[in-house]
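Commentary on secondary and tertiary structure
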Amino acid sequence: MHAICANSALSADRRFCDGFRDASGSVCRNLAEGFTRFHSGEIVQFFTYALASLAEVQDYLSESLVRDALSRARYDQLIDLSEHVKATATNFMRPHQRKPRKHPAHRTSHVAQHVARRT
């Protein structure tokens, strides 16, 4: 992404490059956050965010190709890598999707449990 945006055809388009950087960074950040979660629902949630950002990255790659900032060979290579990331993330999520989601907001706090016992 940095090399693509350094290309003279895109370097002047700050909005494009900022969006491309944001989308690619979001993939990494959401995968990392998903790996730090212990509940299946949260893992699926963050991996789903990462996959949505990956779709944005693929769109930016397509636009880079159309704008002649990327060769067809390099585009094919990067799309292939992104499809590998998508398949790997999807396979990792699969067993977690089968488990019921636990929503932290629905848990009763320790204080609320204590108050409930006293009444």
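The preceding data block contains the structure.
Attention here is on the structure that accompanies the text. Since this is a predicted model, take the numbers as computed values, not measurements.

To continue, consider the layout of surface pockets. As a volume, the largest pocket reaches approximately 350 Å³. What lines the largest pocket is a set of 17 residues, and nearest its centre among them are Met1, Ser24, Val57, Leu61 and Leu78. Where the lining of the largest pocket is concerned, the elements lending two or more residues are helix 1 (2-6), helix 2 (14-35), helix 3 (40-66) and helix 4 (72-97). Counted by class, the lining of the largest pocket contains 14 nonpolar, 2 polar and 1 charged residues.

In this structure the tally under the stated criterion is 8 salt bridges. Residue Arg37 pairs with Glu33 through a salt bridge whose shortest N-O separation is 2.3 Å. The partly exposed category is assigned to Glu33, whose relative accessible area is 30%. We note a salt bridge from Arg72 to Asp76, for which the minimum N-O separation is 3.4 Å. Highlighted residues: Arg72 and Asp76, both in helix 4, separated by 4 residues, approximately one helical turn. Exposure remark for Arg72: the relative accessible area of 49% places this residue in the partly exposed category.

On to helix 2. Over its 22 residues, helix 2 runs 32 Å from end to end, which matches the ideal 32 Å to within 8%, given 1.5 Å per residue. Along helix 2, the residues that are buried comprise Phe16, Cys17, Gly19, Phe20, Ala23, Ser24, Gly25, Ser26, Val27, Asn30, Leu31 and Gly34. Tucked inside the fold, the buried residues of helix 2 contact helix 1, helix 3 and helix 4.

Their axes nearest at 8 Å, the elements helix 2 and helix 3 cross at an angle of 155°. Our classification of the angle between helix 2 and helix 3 gives roughly antiparallel. Remark: the crossing between helix 2 and helix 3 carries left-handed chirality. In terms of residue class, the contact of helix 2 with helix 3 is made up of 15 nonpolar, 7 polar and 3 charged.

Turning our attention to the packing of aromatic side chains. For the structure on display, the rule yields 7 aromatic pairs. Taking the centre distance of 5.9 Å and the plane angle of 70° together, the rings of Phe16 and Phe20 count as edge-to-face. Here the residue Phe16 and the residue Phe20 both occupy positions in helix 2, the gap between them amounting to 4 residues, near one helical turn. Of the two residues examined, Phe16 and Phe20, each falls in the buried class.

Our next topic: the side chain of Ser24. Mapped onto the secondary structure, Ser24 falls in helix 2. Not counting chain neighbours up to four residues away, the residues in contact with Ser24 comprise Met1 and Val57.

This part is about unusual backbone geometry. Among all residues except glycine, the phi angle is most often negative; among peptide bonds, the trans geometry is most common. The backbone of Asp68 sits at a positive phi, close to 60°, despite the residue not being glycine. Relative to the assigned elements, Asp68 resides in the loop between helix 3 and helix 4.

Among the nonpolar cores identified, the biggest contains 25 residues, and Ile4, Phe20 and Leu61 are the most heavily contacted of them. At 9 residues, the largest contribution of residues to this core is made by helix 3. Apart from residues no more than four positions distant in its own chain, Phe20 is found in contact with Met1, Ile4, Cys5, Val57, Tyr60, Leu61 and Ser64.

About the criteria used
- Residues numbered from 1 in each chain as written.
- Predicted model: local features only at pLDDT ≥ 70, side-chain atom pairs only at ≥ 80, totals over all residues.
- Heavy atoms only, no water.
- 1 Å grid on protein atoms, 1.4 Å probe; cavity = no way out; pocket = protein on both sides within 12 Å on 5 of 7 lines; lining within 4 Å.
- Points joined across faces, edges and corners; volume = space filled by probe spheres on them.
- Helix = DSSP H or I, 4+ residues; strand = E, 2+ residues; numbered from the N terminus.
- Nonpolar A, V, L, I, M, F, W, Y, C, P; charged D, E, K, R; others polar.
- Salt bridge = Lys/Arg side-chain N within 4 Å of Asp/Glu carboxyl O.
- Buried < 20%, exposed > 50% of the residue type's maximum accessible area, 1.4 Å probe, protein only.
- Expected span 1.5 Å × (residues − 1).
- Contact = heavy atoms within 4.5 Å.
- Axes fitted to C-alpha atoms, helices over the stretch in contact; angles between N-to-C directions.
- Parallel < 35°, antiparallel > 145°, perpendicular 65-115°, else oblique.
- Left-handed = near helix turned anticlockwise from the far one by under 90°.
- Phe/Tyr/Trp six-rings, centres within 6.5 Å; stacked < 30°, edge-to-face > 60°.
- Core = buried A, V, L, I, M, F, W, Y, C linked by side-chain atoms within 4.5 Å.

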